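Observations on the three-dimensional arrangement
Chain by chain, the residues run as shown.
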Amino acid sequence: MTSRTTPRPVGTVTRGTTNPNRLRRMDRWIAATHGAELRRAVDPVAVDLGYGAAPWTAVELLTRLRTAAPRTRVVGVEIEPARVTAAKPYERDGLAFRHGGFEIPLPQRPQLVRAANVLRQYDEAEVAAVWQRLCARLAPATAHSRGGLLVEGTCDEIGRRHVWVALGPEGPRTVTFATRLGSLDRPSDLAERLPKALIHRNVPGEPVHAFLRDFDRAWSAAAPYAAYGARQRWIRAVRDLTSDWPVTDRAGRWRQGEVTVTWEALAPRS
């Protein structure tokens, strides 16, 4: 008789630090931009990959996604078994926790994989392979759907500043910068939260550096609008950016302290 062993999860254990409400900006963006895809899916499943030492982010993701797509189910996936055991008491209808890693140990392909602050500890050279593996697990595109969405990014400890990349089955699509405007001195403050694929590219000659430079210039030029509040100044600065950069969203998202740009515009040169 041969024994059957469970395959070892792919990835390494993260620090696991997390805080309630830390990922609210990412969650709200996902609900607003991907909610229609979740509603169209027969069995909409979202994965909170690497949720950490406490399950707060998975619990919150379920609540926020269900405002946009009430049938959505969330599965928290963690590579550290003890964290899965600790999360089990929080399971309820629509929320489960599984031991696993980048292989995403689910029978179906999810409509969403959110990986926040997971790749921070990895080398830049490892990011492309991880993205490729995760994108291959997404629900495929069809005649009526763009397919699943991978959202991978980094934020500060209390979620005031966040930058993420959105990827479909075909690869990266967009980069979103999101912030609590009252905490911002200038847009380039967000550079410290760039995801691993971009954070080492914030140097002269790289597109992301040029984008943040132009954003700072637009922010300075919009200084007179500060009399009407940081939100109006941000909106004006982003509006100015659209003349030179392929901004994909509209003023409704800018009002939230966000701006989204195509990945091709910011992708590393090499």
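The structure we're discussing is the one just above.
This text gives an overview of the structure that appears in the document.

What counts and how
Residues numbered from 1 in each chain as written. Predicted model: local features only at pLDDT ≥ 70, side-chain atom pairs only at ≥ 80, totals over all residues. Heavy atoms only, no water. Axes fitted to C-alpha atoms, helices over the stretch in contact; angles between N-to-C directions. Helix = DSSP H or I, 4+ residues; strand = E, 2+ residues; numbered from the N terminus. Parallel < 35°, antiparallel > 145°, perpendicular 65-115°, else oblique. Left-handed = near helix turned anticlockwise from the far one by under 90°. Contact = heavy atoms within 4.5 Å. Nonpolar A, V, L, I, M, F, W, Y, C, P; charged D, E, K, R; others polar. Buried < 20%, exposed > 50% of the residue type's maximum accessible area, 1.4 Å probe, protein only. Lys, Arg positive; Asp, Glu negative; His and termini not counted. Salt bridge = Lys/Arg side-chain N within 4 Å of Asp/Glu carboxyl O. Pairing = 2+ DSSP bridges. Right-handed = clockwise from strand over helix to strand, strands pointing away.

**A few points about the packing of helix α1 (residues 24–40) against helix α2 (residues 56–68)**
At a minimum axis separation of 8 Å, α1 and α2 run at an interaxial angle of 45°. Taken together, α1 and α2 sit at an angle that is classed as oblique. The two elements α1 and α2 meet at a crossing, and its hand is right-handed. Side by side, α1 and α2 meet where R24, D27, I30, A31, G35, L38 and R39 of the first sit next to E60, L61, R64, L65 and A68 of the second. Considering only residue class, the contact of α1 with α2 consists of six nonpolar, one polar and five charged.

**Observations concerning the side chain of R137**
One can find R137 in helix α4 (residues 124–137). At 8.1 Å, E103 is the nearest oppositely charged side chain to R137, a buried residue that forms no salt bridge. For R137, the contacting residues outside a window of four places in its chain are E103, I104, L106, Q108, R109 and P110.

**Considerations on the pairing of strand β2 (residues 73–78)**
Most of β2 is tucked away, with five of its six residues classed as buried. Direction of pairing for strand β1 (residues 45–49) relative to β2: parallel, over a ladder of five bridges. Counterpart to D48 in the pairing with β2 is G76. Since β1 and β2 lie parallel, the crossover through α2 that links them has a hand, and here it is right-handed. Across five bridges, the pairing between β2 and strand β3 (residues 95–99) is parallel.

The quantities given are spatial measurements derived from coordinates; they are silent on function.
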